[in-house]
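# Fold and geometry: a report
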Amino acid sequence: MEQLTPRETVRELDRYIVGQNQAKRAVAIALRNRYRRSLLPEGMQEEVLPKNILMIGPTGVGKTEIARRLAKLVRAPFLKVEATKFTEVGYVGRDVESIVRDLVEISLRMVKAEKMEEVEIQAAQAAEKRLEALLVPGKRQENNSSNPFQFLFNQGQEKEETVTPEIERDRTFIRERLHRGELDEQVIEVEVEDNQPLLPDFLGTGMEINTNLQDMMAGMLPKKRHKRKVTVREARRILTTEEAQKLIDHDEAVQEAIRRVEQEGMVFLDEIDKIAGRDGASGPDVSRGGVQRDILPIVEGSTINTKYGPVKTDHILFIAAGAFHVAKPSDLIPELQGRFPIRVELESLSIEDFQRILTEPQSSLIKQYSALLETEGIKVEFTENAIDELAKVAYEVNSNTENIGARRLHTIVERVLEELSFEASELPEDYTVTINREYIQHRLGNIVRNQDLSRYIL
Ligand SMILES: Nc1ncnc2c1ncn2[C@@H]1O[C@H](COP(=O)(O)OP(=O)(O)OP(=O)(O)O)[C@@H](O)[C@H]1O
């Protein structure tokens, strides 16, 4: 997937995000440059660092969405963090490294999910065998060993089971019923592994310094198992996951996860403008400069220790974003400015953009709500003038109260459809509702014109 040309990437992004062409082009080029870099001779590869991007634009105009979609498109590990988070007292310096640790966790989860998908069929078969054995247990052998120490060795272990031909026959019969889904709702008892192993709580909680230690110990201590009563359907899911986990090579997954972070990782640093400002000024500005300096090594490229091993950040792509209403990019410390050479501005959204955002993207708001209501057998049709009206109202409320960009559409559509959503479950099947301008005006009443009401409701 990473071989997409910039034009192809932009076209893909166009399916989800309206307008903002400049930003789409910038991220598309950054992506392609990674591919170009991978084709260079090794010595040169290390020299070519990613050109990080600074997105400048008001809230809710698609900055995060572009970055997130890009990452999804190429299945790159992606993390969004607020730069302001690192000003929290007591966390400065230390917590910045958590960006990399979190990214590794995300990457590992991705890799494992992919690997589990690969072994899905095998895991499902193994799970089914276990289900059969649960439903038709084998004969337990009497433990009449004369060795007085036997109990020591057998402790905690399952007793041997023998499967007689009759049991085998019953299992075959059960297998067929399982396949037909006849037993899905039947309740059985399964033994499941606790996520949290038996861990003495002497390490205290909440302190990051201990998490590595805790994780390390967790790996060494036995996991607690307990019995749970669940439906066959749920048991199948639990057992399949367990079996899939057994089939995956954990170390291999870790290596792949780290490789992806180092080569393909993307970090979205939101609200970077809020930490702009330099030392020397009074008050909180002092710590702002400090946070920027904490972030710098990670952006410049350094090696961070994680519980899975060291991770190099040199080639992680950083996309910083901010409104920059008050501070300007030039208020960032020079080293950081230099690390974000690509600047793109995102435009405020117009009424026309809102109309398109409502209807065009792959899973636009209108499509989402229509699909949700369709599950109740209700067909919702929005007329063209309804879309116009929604866009117009969103634009007005943004201008009169606070401009929160496309997020305004969410609150407005929710409000407009509130009554329908409530009653949908009780309406007759195949019911069709047409939403037109009058419907919207009726539902929103005078909320739009009343600024105080708008502030609370829309
Ligand atoms: N141009 C756009 N096209 C389609 N959807 C959009 C667009 N702009 C915003 N949205 C939608 O609005 C919501 C908020 O957008 P997004 O998270 O990208 O905001 P943002 O610009 O990153 O702002 P912030 O910095 O405050 O997070 C998302 O649900 C997104 O899908």
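Residues numbered from 1 in each chain as written. Predicted model: local features only at pLDDT ≥ 70, side-chain atom pairs only at ≥ 80, totals over all residues. Heavy atoms only, no water.

### With respect to the site of the ligand
Lining the immediate environment of the ligand, one finds 17 residues, of which V18, T59, G60, V61 and T64 sit closest. At a separation of 3.1 Å, an oxygen atom of the ligand approaches a polar backbone atom of V61. K63 places a main-chain nitrogen or oxygen 3.0 Å from an oxygen atom of the ligand. Here the ligand loses 86% of its free accessible area of 620 Å² to cover by the protein chains. It is helix α4 (residues 63–73) that contributes the most residues to the shell around the ligand, three residues altogether. (Near = heavy atom within 4 Å. Polar contact = N/O pair within 3.5 Å; in protein donor to acceptor, adjacent residues only side chain to side chain. Areas by Shrake-Rupley, 256 points an atom, 1.4 Å probe, with all protein chains shown as cover. Helix = DSSP H or I, 4+ residues; strand = E, 2+ residues; numbered from the N terminus.)

### What about the nonpolar core?
Among the nonpolar cores identified, the biggest contains 56 residues, and M55, M266, F382, L390 and I435 are the most heavily contacted of them. Top contributing element to this core by residue count: helix α16 (residues 384–400), with seven residues. Filtering out sequence-adjacent residues up to four positions away, L390 remains in contact with L358, I366, F382, L409, I412, V413, V416 and I440. Within the second largest apolar cluster, 39 residues are counted, among which are A257, V267, F318 and I333. (Core = buried A, V, L, I, M, F, W, Y, C linked by side-chain atoms within 4.5 Å. Buried < 20%, exposed > 50% of the residue type's maximum accessible area, 1.4 Å probe, protein only. Contact = heavy atoms within 4.5 Å.)

### Focus on the environment of P6
Positionally, P6 belongs in helix α1 (residues 6–14). A residue is classified by how much of its surface remains accessible, and P6, at 23% relative accessible area, is partly exposed. Separated by 246 residues in sequence, P6 and E252 have C-alpha atoms that sit 32 Å apart.

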